[in-house]
Amino acid sequence: MKVLVLGAGIIGTTSAYFLAKQGHDVTVIDRQDSVAMETSNSNAGQLSYAFSSPWAAPGLPLDLIKWTLTGRSPVVVNPNISFETTKFMYRMFKNCNPKSYELNKSRMLRVANYSQKCLLEIEKEIDVNYEQRKQGSLQLFWNLKDLEKAKKDTLILEKFNIKYELLDANACIKAEPGLQYIKNKLAGGLQFKNDFTGNCFIFANEIYKKCLAMGVKFEFNTHIESILLENNKVCAIKTNKGEISSDNYSVSLGSYSSKLLATIGIDIPVYPVKGYSITLPILNDKDAPQSTIMDDKNKIGITRLGDNVRVAGTAHLTDFNKELRAKSLRSLKNGLNNLFPMATSESSDVNFWTGFRPSTPDGTPIIGATPYSNLYLNTGHGTLGWTMSAGSGKLLASIISSTKPEISFDGIEMSRYNYSNKTALNYG
Ligand SMILES: Cc1cc2nc3c(=O)[nH]c(=O)nc-3n(C[C@H](O)[C@H](O)[C@H](O)COP(=O)(O)OP(=O)(O)OC[C@H]3O[C@@H](n4cnc5c(N)ncnc54)[C@H](O)[C@@H]3O)c2cc1C
């Protein structure tokens, strides 16, 4: 069967890999000249299986008020807020209650845990080197009040069977010796031993090479303009280079998925939550981060990738504005210096980057069927697309192949949003 994958980010690339493995004739289209050139390019590199939680948590509305009052909010909303942004925030707030949080978290964890299993399978099948480290992740706390709160929150970790360890300041330094210079400021940390780190861009390129070897075709520099329908099915994709047709189609266009799908009556709430990262060379290995560190207060993630350190953060709600925000650059640099003052040099070249997290209000990705029988989705992975990529790719491939998926896709498909998609059935 022929399958056309729209988008060659980490989600499209892993989809193509698993589809080809299941024997399909796969073509991938992307407007860029290579794989993983947009949001999958310079993300924080965290494979945060244990940390898979929606942003829409019960405490979020209050936190937003507190952050705004202190003037140091990790969430930035443009003053001339658009209708799309308002709609996304409204839908997200509707999920900020304990019942929705637990349901959404359980769905995310299902995909994340499966993804870890699938990533390990890939590592067994092909020799991939993507600057991976398997030393867990560490969430830091700066005062006893926050540490006590974290202890209480471990109930939910136990409920979901997530392995964790509460560390005092000395144990944090044992795990991350580069933190020794700030020992007096640290209250403790929460360590997730089963988390990994790795370079998403390098991984996508390794998978791309394997896809080529399996006969997958990549059409780069090809801009998708519209989806063409006939008899309630997709008959072709219109691009700047002409029409391309296939038996089945899968959309993995990241934050751009919803715009294209809206033109054929499919309303999915994928919104571009902009984030920033900096990457800079490590000066001293012993003073540098060894794995992934989350600074909960400043809402930044710091990750070791090869000889570099990457720091990422900020949720900027500004639609598709690609401008690099100087204030975020400063706060990421300060965040790194506060934790690892001796790891890098002030004069180092910094690679400052921005990307749009394809976010859903409930945090869960959208994988599976649409009202059009030969059109599928694999999108909306938000803050955790790298973490969830391998499992999402394999789940999608099983759904398209009509083989029994290894995990349930209940609550992962677009049908969980039942507000308007019925109209799609009348198109074509
Ligand atoms: C600052 C930041 C830090 C992050 N950190 C982490 C992390 O540590 N761990 C984690 O798991 N996740 C993280 N994420 C999230 C993760 O990066 C994303 O969820 C993931 O990259 C999304 O992948 P994707 O393939 O869906 O989208 P993309 O990588 O954006 O791919 C979509 C592709 O579609 C193509 N495309 C779009 N429109 C068209 C069109 N009209 N025609 C042709 N091609 C088109 C684009 O060129 C692109 O290649 C982070 C994100 C950000 C912004």
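Here is what the cut-offs are and how they apply
Numbers given for residues are sequential positions, taken from 1 along each chain in its written order. The predicted origin of the model limits local features to residues at a pLDDT of at least 70 and limits the giving and counting of side-chain atom pairs to 80 or more, whereas totals for whole chains, interfaces and linings rest on all residues. Side-chain metrics in this entry use all non-hydrogen atoms of the structure; hydrogen atoms and water are not considered. The criterion for a residue being near a molecule or strand is simple. One of its heavy atoms has to lie within 4 Å of it. The definition of a polar contact used here is a pair of N or O atoms within 3.5 Å, where within protein one atom must be able to donate a hydrogen and the other to accept one, and adjacent residues in sequence count solely through side-chain atom pairs. We get accessible surface area from the Shrake-Rupley algorithm with a probe of 1.4 Å; when it comes to residues, only the shown protein chains can shield them. Strands are runs of DSSP state E lasting at least two residues, helices are runs of H or I lasting at least four, and both sets are numbered from the N terminus onward. Three classes are used, and their members are as follows: Ala, Val, Leu, Ile, Met, Phe, Trp, Tyr, Cys and Pro are nonpolar, Asp, Glu, Lys and Arg are charged, and the others, Gly among them, are polar. What marks off one domain from the next here is an automatic or database domain assignment. Only the contacting stretch of a helix is used when fitting its axis, a line to C-alpha atoms as for every element, and angles between N-to-C directions run 0 to 180 degrees. Any angle that is under 35 degrees is reported as roughly parallel, and any over 145 degrees as roughly antiparallel; angles of 65 to 115 degrees are reported as roughly perpendicular and all others as oblique. Two residues form a contact once any of their heavy atoms are found within 4.5 Å. For each structure, a 1 Å grid was placed over the protein atoms alone; sets of points admitting a 1.4 Å probe that cannot get out are labelled cavities, open sets with protein on both sides within 12 Å along at least five of seven lines are labelled pockets, and lining residues have an atom within 4 Å of a point. Grid points are joined across faces, edges and corners, and a volume is the space filled by probe spheres set on the points. Side-chain rings of Phe, Tyr and Trp (the six-membered ring for Trp) are treated as a pair once their centres are within 6.5 Å; stacked means planes under 30 degrees apart, edge-to-face means over 60, and tilted covers the remaining angles. We call a residue buried when its accessible area falls under 20% of the maximum for its residue type, exposed when it is over 50%, and partly exposed in between, using a 1.4 Å probe and counting protein chains only. Pairing between two strands requires that DSSP report at least two bridges joining them.

Draft legend 1. Broad picture of the site of the ligand. Around the ligand, the structure places 34 residues, and the nearest of them are Asp30, Ser40, Gln46, Gly382 and Thr387. The contact in question runs from an oxygen atom of the ligand to an N or O atom on the backbone of Gly45, over 3.3 Å. Trp386 places a main-chain nitrogen or oxygen 3.1 Å from an oxygen atom of the ligand. Relative to its free-state accessible area of 1000 Å², the ligand is covered by the protein chains to the extent of 97%. Elements that contribute at least two residues to the shell around the ligand include exactly helix H1 (10–21), strand E14 (271–281), strand E18 (351–359) and helix H10 (385–401). A per-element tally of the shell around the ligand places E18 first, with four residues. Residues that form the shell around the ligand fall into these classes: twelve nonpolar, 18 polar and four charged. Built from parts of two domains, the shell around the ligand gets at least three residues from each of domain 1 (2–41 + 202–269 + 363–426) and domain 2 (55–99 + 132–195 + 271–359).

Draft legend 2. Representation of the packing of helix H4 (residues 98–125) against H10. Look at H4 against H10: their axes get within 6 Å of each other, and the N-to-C directions meet at 85°. One finds that H4 runs roughly perpendicular with respect to H10. Here H4 contributes Met108, Val111, Ala112, Tyr114, Ser115, Cys118, Leu119, Glu121 and Ile122 to the contact with H10, which in turn contributes Thr387, Met388, Ser389, Ala390, Gly391, Ser392, Lys394 and Leu395. Of the residues that constitute the contact of H4 with H10, the class distribution is ten nonpolar, five polar and two charged.

Draft legend 3. Empty space enclosed by the protein, seen in detail. Inspection of every chain in the model, using the stated rule, returns one cavity of 30 Å³ or more. Roughly 110 Å³ of volume is contained in the largest cavity. Surrounding the largest cavity, 15 residues form its lining, Trp55, Ser359, Thr360, Gly363 and Thr383 being those nearest its centre. Its residues assigned to classes, the lining of the largest cavity shows seven nonpolar, seven polar and one charged.

Draft legend 4. Representation of the packing of aromatic side chains. On inspection of all chains with the given rule, the structure shows 13 aromatic pairs. Between Phe218 and Phe220, the aromatic rings sit 5.6 Å apart at their centres with planes inclined by 20°, giving stacked as the arrangement. Each member of the pair, Phe218 as well as Phe220, is classed as buried. Aromatic pair Phe320 and Phe356: ring centres 5.4 Å apart, planes at 70°, arrangement edge-to-face. Here Phe320, found in the loop between strand E17 (308–317) and helix H9 (326–339), pairs with Phe356, found in strand E18; they are 36 residues apart in sequence, far enough to count as distant. Residue class for Phe320 comes out partly exposed when judged on its relative accessible area of 25%.

Draft legend 5. The arrangement of the pairing of E17 in detail. Most of E17 sits inside the fold, with nine of its ten residues counted as buried. Judged from the three bridges that link them, strand E4 (residues 75–77) and E17 form a sheet pairing that is parallel. Note on E17: the bridge partner recorded for Val75 is Ala315. In the sheet, strand E16 (residues 300–305) pairs with E17 via six bridges, with the strands oriented antiparallel. Counterpart to Ile300 in the pairing with E17 is Gly313. In this antiparallel pair of consecutive strands, E16 and E17, the connection spans two residues, and Gly306 shows a positive phi of 60°.

Draft legend 6. Main features of the layout of surface pockets. Empty space within the second largest pocket amounts to approximately 570 Å³. In this structure, the second largest pocket is lined by 25 residues; those nearest its centre are Gly71, Arg72, Ser73, Pro74 and Ser331. Secondary structure elements with two or more residues in the lining of the second largest pocket: helix H2 (60–70), E4, E17 and H9. With seven residues, the top contributor of residues to the lining of the second largest pocket is H9. For the lining of the second largest pocket, the residue count by class is nine nonpolar, ten polar and six charged.

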